[in-house]
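Residue-level structure breakdown
Listed here are the chains, written in short residue letters.
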Amino acid sequence: MLITTKGLSKTFGGLAAVTDVNFSLNKGELRALIGPNGAGKTTLVSLLSGRLSPSSGSITFDGKDVTKMPAWKRVRMGIAYTFQITSVFPQLTVYENVATAACYGQGINLTTDTLVTECLVNVGIEDRSSIKAAELSYGHQRLLEVAMGCSLKPKLMILDEPTQGLADSEIENFCELLVQINKDTTILLIEHNMSVVMQLARKISVLDHGRIIAEGTPNEISNNSLVQTAYLGN
Ligand SMILES: Nc1ncnc2c1ncn2[C@@H]1O[C@H](COP(=O)(O)OP(=O)(O)OP(=O)(O)O)[C@@H](O)[C@H]1O
Ligand SMILES: [Mg+2]
């Protein structure tokens, strides 16, 4: 098991955003996390990455209890997280953005340049490496974020709605990219686009009102009546 949560909960004032979640991912998985707006998906992955600390419960990553570990230490242990809202450094070049992430994850070393180039090539924006991130199209900014995540050489990559705002043609390439990344990285993907979910995930977890209401294969999930009522509609 790469990551496991036990009884994980987060309340904001009186609001229960995540409630008693027992969640785990095996190494090598490409798992989708779905659910209606406000279900608690971003909150759950923020707990996993350490951006938020839980109200109760625990998180084990790679055999270690990380419940109280700060986010930057979790990054160094191998948890990379891309935000729901695009968060590149707009005034830095594309290259500098990835180099900054790489240094954050690995420290500055002689391999940084090779690593940065490799990550830019992998996501397909190496020809834009010297322009400012602010000048990239939205789709390319999202690819840049993925390159930044890859430069951390994570064991787990968490992507929060990465295809939001992408054109259909971009989404197709993005799916191929995730399949490539998944060859050596476990992926947890929050995604509203059900065709992306059905195409990529071998297993899906469904969150509703802060609780996991179903887990299963794409087929099992699309035939689950609880899920249809809560999310898929019918
Ligand atoms: N920092 C916060 N302070 C107070 N309430 C919050 C905070 N973050 C999230 N919430 C609330 O917690 C609940 C879960 O929100 P969350 O953003 O995790 O949902 P989500 O499943 O990611 O939704 P979406 O699909 O719209 O991104 C919502 O009711 C939201 O308003
Ligand atoms: Mg969200």
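Residues numbered from 1 in each chain as written. Chains lettered and ligands numbered in written order. Predicted model: local features only at pLDDT ≥ 70, side-chain atom pairs only at ≥ 80, totals over all residues. Heavy atoms only, no water.

Here's the deal with the nonpolar core
Grouped burial of nonpolar side chains is what soluble globular proteins tend to show. The condition is simple: For this analysis, a nonpolar core means a set of buried residues of the types Ala, Val, Leu, Ile, Met, Phe, Trp, Tyr and Cys, connected via side-chain atoms within 4.5 Å. Throughout, exposure labels follow a simple rule: accessible area from a 1.4 Å probe, protein chains only, divided by the maximum for the residue type, with under 20% read as buried, over 50% as exposed, and the rest as partly exposed. Here a strand is any run of E in DSSP of at least two residues, a helix any run of H or I of at least four, and the numbering for each starts at the N terminus. In this description, contact between two residues means that some pair of their heavy atoms is separated by no more than 4.5 Å.
If you look at the biggest cluster of nonpolar residues, it comprises 34 residues, and the most contacted ones within it are Val-98, Leu-144, Val-146, Leu-178, Ile-181 and Leu-189. Where this core is concerned, the elements lending two or more residues are helix H3 (94-106), helix H4 (112-123), helix H5 (138-150), strand S7 (156-160), helix H6 (168-182), strand S8 (186-190) and helix H7 (194-200). Beyond its immediate sequence surroundings of up to four residues, Leu-189 is in contact with Leu-30, Arg-31, Ala-32, Leu-33, Leu-159, Pro-162, Leu-178, Val-196 and Leu-200. Grouped together as the second largest cluster of nonpolar side chains are 25 residues, Phe-23, Leu-25, Val-66 and Ile-79 included.

Focus on unusual backbone geometry
One non-glycine residue, Asp-20, lies in positive phi territory at about 50 degrees. Topologically, Asp-20 is positioned in strand S2 (residues 15-25). For Asp-20, a relative accessible area of 44% translates into the label partly exposed. Positive phi, normally seen in glycine, also occurs at Asp-62, with a value near 50 degrees. Residue placement: Asp-62 occurs in the loop between strand S4 (56-61) and strand S5 (64-65).

Looking at the pairing of S8
Heads up, the rule is: Strand pairing is defined by DSSP finding a minimum of two bridges between the two strands. Here a crossover is taken to be right-handed if, once the strands point away from the viewer, the path from the first strand over the helix to the second is traced clockwise.
Within S8, 5 of the 5 residues are buried, which leaves it mostly tucked inside the rest of the structure. The side-chain alternation of S8 yields two buried faces, one formed by Thr-186, Leu-188 and Ile-190 and the other by Ile-187 and Leu-189. Relative to S8, strand S3 (residues 30-34) runs parallel, the two being bridged by 4 bridges. In the strand pairing of S8, Arg-31 is matched with Leu-188. Pairing between S7 and S8: 5 bridges, direction parallel. What sits directly across from Asp-160, in S8, is Ile-190. With respect to chirality, the unit in which S7 leads through H6 into the neighbouring parallel S8 is right-handed.

What about the sheet that holds S7?
Spelled out, the test is: Geometry is summarised by axes, namely lines fitted to C-alpha atoms with helices restricted to the contacting stretch, and by angles between N-to-C directions that run from 0 to 180 degrees.
Pairing is mixed in the open sheet, where 6 strands are placed in the order S6-S7-S8-S3-S9-S10. The open sheet has two edge strands, strand S6 (79-82) and strand S10 (211-216), and neither has a second partner. Within the sheet, the average angular offset between the axes of one strand and its neighbour, ignoring direction, is 20 degrees. Sheet strands in contact with H6 are S3, S7 and S8, and its direction is about 145 degrees off that of S8.

Concerning the pairing of strand S1 (residues 3-12)
Taken across its 10 residues, S1 has 7 buried, putting it largely inside the fold. Examined bridge by bridge, S1 and S2 share 7 bridges and lie antiparallel to one another. For Leu-8, the partnering residue across the bridge sits in S2 and is Val-21. Taken together, S1 and the strand that follows it, S2, pair antiparallel across an intervening segment of 2 residues, in which Gly-13 is found at a positive phi of about 60 degrees.

Description of the pattern of salt bridges
In plain terms, the rule: For this analysis, a salt bridge means a side-chain nitrogen from Lys or Arg found within 4 Å of a carboxyl oxygen belonging to Asp or Glu.
For the structure shown, the criterion picks out 7 salt bridges. We note a salt bridge from Lys-155 to Asp-62, for which the minimum N-O separation is 3.2 Å. Residue Lys-155 is located in the loop between H5 and S7, and its partner Asp-62 is located in the loop between S4 and S5; the two are separated by 93 residues in the primary sequence. A salt bridge links Asp-127 to Arg-128; the shortest N-O distance between them is 3.0 Å. Members of the salt-bridge network, linked through shared partners, are Lys-27, Asp-62 and Lys-155.

Keep in mind that these numbers describe shape and distance, not what the molecule does.
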